[in-house]
Amino acid sequence: MEKHPLKGNASIPMNTPASYQAVGNKVSNGEQNRTTSLSSDEGMIDIATTGNMDERIIQDEIGTVQYSTDEIPGIGQYDDFHTIDWQRDIARDRMRHRYIVKKRSNSILDLVRGAHDAWSGWLCVLLVGLVTGMVAGIIDIGASWMSDLKYGLCPQAFWLNQEQCCWSFNETSVDDKGNCSQWMMWSELITNSRTGVGAYIISYMFFIAWALLFASLAAGLVRMFAPYACGSGIPEIKTILSGFIIRGYLGKWTLIIKSVGIMLSVSAGLSLGKEGPMVHIASCIGNILSYLFPKYGRNEAKKREILSAAAAAGVSVAFGAPIGGVLFSLEEVSYYFPLKTLWRSFFCALVAAFVLRSINPFGNEHSVLFYVEYNKPWVFIELVPFVGLGIIGGAIATVFIKANIWWCRYRKTSRLGQYPVTEVLVVTAITAVIAYPNPFTRMSTSQLIYLLFSQCGVSAADGLCNYDNSPDDPGVYTAVWLLVLALLFKLITTIFTFGMKVPCGLFIPSLCLGGIVGRIVGIGMQQLAVAYPHIFIFATECASGEDCITPGLYAMVGAAAVLGGVTRMTVSLVVIMFELTGGVRYIVPLMAAAMASKWVGDALGKQGIYDAHINLNGYPFLDSKEEFAHTSLAADVMQPKRNEPLSVLTQDSMTVEDVTQLLKETEHNGFPVVVSRESQYLVGFVLRRDLSLAIENARRTVEGVQTDSLVLFSSNPSQPLGPGSSPPLKLKKILDMAPITITDQTPMETVVDMFRKLGLRQTLVTHHGRLLGVITKKDVLRYIKQIDNEDPNSVLFN
């Protein structure tokens, strides 16, 4: 038997498809060995045979029915809500690759197949990048048009948004108040007036009506066609990339409804963003396109390499930040990130950003969302308020996380969860009614962030810059008062909005909250510098009378602080922020604020928003960032406990009826195979799904299999069969002969590290070679919750 490269001298797991296992294998038959090559969909399959050369299911001289695992549909796959076995899937791929390399020198066709296998990963991520960029462009254009539809229409070309309408008719500038002659407000279309009480009421009513229409459509589409399309999707993407199966979460219907739904949700004026859902949309695209390449489509571990690259492309197109997207995938969502995945993620993010830039949905020369251009350097003393913003951001983020998780838990456990569409409509109506009177909350959140980041003089609109730098100017108090109201409104509505049954992201609301706080602090610092220009902290830079403080910079730093506190990102956050704004010279303030925010957030609550939602939903996610610092042993966690019966299979003494009965009586995902119940010496491990499929397939396709037929996990039975007995069923091909094992005295710290770094689904516990029990990923998660004084039953899935 050929040795597996990742497991030293261990044998290749026997659940590896026979098309890859059988290379070089020979089965003894009397005095000679011989192998027969048969073609299949996956290439040449070597099947050890002793009978008819054309049969794949054959009988030897003792009448044993033996299977090639390729003949059993579904072998090697996983059920819904189950964890994958990374080591098994990686071993399968290594054997597949080794087989292809060995065959490459046989013919030109095999050489082409080998070349295709080598570059199929790059081709797959290229397609993912292209499609993600195009979908993102469509979403950006659609969301922009529908958002402006709440305010008015371009009669000459209704498909244009407000900005494009003015460009099309050679009006080169349009401010946020909409003073563009070609763009008609709803009040103007009905009453021919833009001002006055009647015009205000009509505009107010249209604003609310369009918001309710968009929100009801979004919620209805999600409920009817794709329940998985709600939320941001990042908690589930993190869980899926850690090795969990959620069927349909990355399917075509989820992709379509999420893409349409996010345009509707953003246009409804809800306090949410489309950037988080873009990661989910890109991952759906990656999952769908991976099925064009069987190397990835049929192997769950390999598929996650494509999904990691797709997540990077999602952030790349969401913010126009390709490098930040790669770092986000590495730092925040990916669980297994080898170097080649880093390269492919970089390439995928690059292609996606290039396609989006070609489409140019923002209609400017920059591919980023909030490009700003500050020409003043920051003052060293400003590091103090920047760090202060980090502390404030961490505190606001903690309040938001705790409140949102409380509300989501209440939604799950109360009758409110039974009326998701009603909840969406009520929240939308309240949001629209309260938002319209305040100009800062009436505009879209992206517009508000751009306004907060901008310098005064660039966009002097909506009261934010309608003051001169004199200490007694009442315009300052008006601007700050409106910003404080907007901050409270955005914080409260985001708490109730995130988690509703519509597509909703958290990046933009978090940036908005931080931007408002930062702008308030920036205005305060600006007024302080104007009032006291000669005190020592401002003496060198501000004594000349120039405006040395840039409030927009404070907004940018505050935005990074709150987003960092909410998500607990650090490196990727800073890179996304300077790519997002073009403010490369402000990396140090951003780093200081992000670090302070993370420290405060970790001190007040250990989980970011995504980890908190994973915990709330009970997903089996083992965080690789946390440390396990308890002095327990494997024997304390294994199932069953000592002196309790263990459900096992014996290698050659159980009948089909015995195995079927064991499957009915237990719900385990797999069974250890031992020599005998008395000895309990370990032979291997077989998955429940593979065992069930093999027995069902045998009953359906093979004559002579009876309930009293022996089930063999060995080459030959230890006892000779009696005359007239049913032929045994040989299932050694589905047996993992090299399962990961530990001893009962292994520290749990080591066990947890093995689960994290090897991506294990389960490990077997032995003592002097004898089987004692099993530890699954779910057992580890439950034990961690138990020692952290949390409910261990909150881990819901396998």
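Note that the structure is predicted; figures quoted are calculated from it, not measured.

A. Broad picture of the state of the cysteines. For the coordinates displayed, the defined rule picks out zero disulfides. Not part of a disulfide, Cys230 finds its nearest cysteine sulfur in Cys504, a span of 7.5 Å. Under the relative-accessibility criterion, Cys504 is labelled buried at 0%.

B. Highlighting the environment of Thr776. As for its placement among the helices and strands, Thr776 is situated in strand 17 (residues 770-776). Thr776 sits 138 residues away from Met638 along the chain, and the two C-alpha atoms are 8.1 Å apart. In this view, Thr776 contacts Phe755, Arg761 and Gln762; residues no more than four positions away in its chain are not counted.

C. Just the side chain of Glu300, in detail. Here Glu300 shows up in helix 11 (residues 300-319). Leaving out residues up to four positions away in the same chain, Glu300 has contacts with Gln77, Tyr78, Ile84, Asp89, Ile245 and Arg247.

D. The arrangement of the sheet that holds strand 15 (residues 741-743) in detail. Strand order across the open sheet formed by three strands is 15-16-17, with mixed pairing between neighbours. Looking along the sheet, the strands with just one partner apiece sit at the ends: strand 15 and strand 17. Recorded for the sheet is a direction-independent mean angle of 35° between the axes of neighbouring strands. Pairing analysis gives three bridges linking strand 15 to strand 16 (residues 762-767), with the strands arranged parallel. Bridge pairing in strand 16 links Thr743 to Thr766. Across the face of the sheet, helix 28 (residues 748-758) comes into contact with strand 15, strand 16 and strand 17 while running at roughly 60° to strand 17.

E. Structural view of the packing of helix 3 (residues 108-149) against helix 8 (residues 252-267). Packing of helix 3 against helix 8 brings their axes to within 8 Å, and their N-to-C directions diverge by 30°. One finds that helix 3 runs roughly parallel with respect to helix 8. The chirality of how helix 3 crosses helix 8 is right-handed. On the side of helix 3, the interface is formed by Val135, Ile138, Ile139, Gly142, Ala143, Met146 and Ser147, while helix 8 contributes Ser259, Ile262, Met263, Leu264, Val266 and Ser267. Across the contact of helix 3 with helix 8, the residue classes tally to nine nonpolar, four polar and no charged.

Cut-offs used in this document
Residues numbered from 1 in each chain as written. Predicted model: local features only at pLDDT ≥ 70, side-chain atom pairs only at ≥ 80, totals over all residues. Heavy atoms only, no water. Disulfide = S-S within 2.5 Å. Buried < 20%, exposed > 50% of the residue type's maximum accessible area, 1.4 Å probe, protein only. Helix = DSSP H or I, 4+ residues; strand = E, 2+ residues; numbered from the N terminus. Contact = heavy atoms within 4.5 Å. Pairing = 2+ DSSP bridges. Axes fitted to C-alpha atoms, helices over the stretch in contact; angles between N-to-C directions. Parallel < 35°, antiparallel > 145°, perpendicular 65-115°, else oblique. Left-handed = near helix turned anticlockwise from the far one by under 90°. Nonpolar A, V, L, I, M, F, W, Y, C, P; charged D, E, K, R; others polar.

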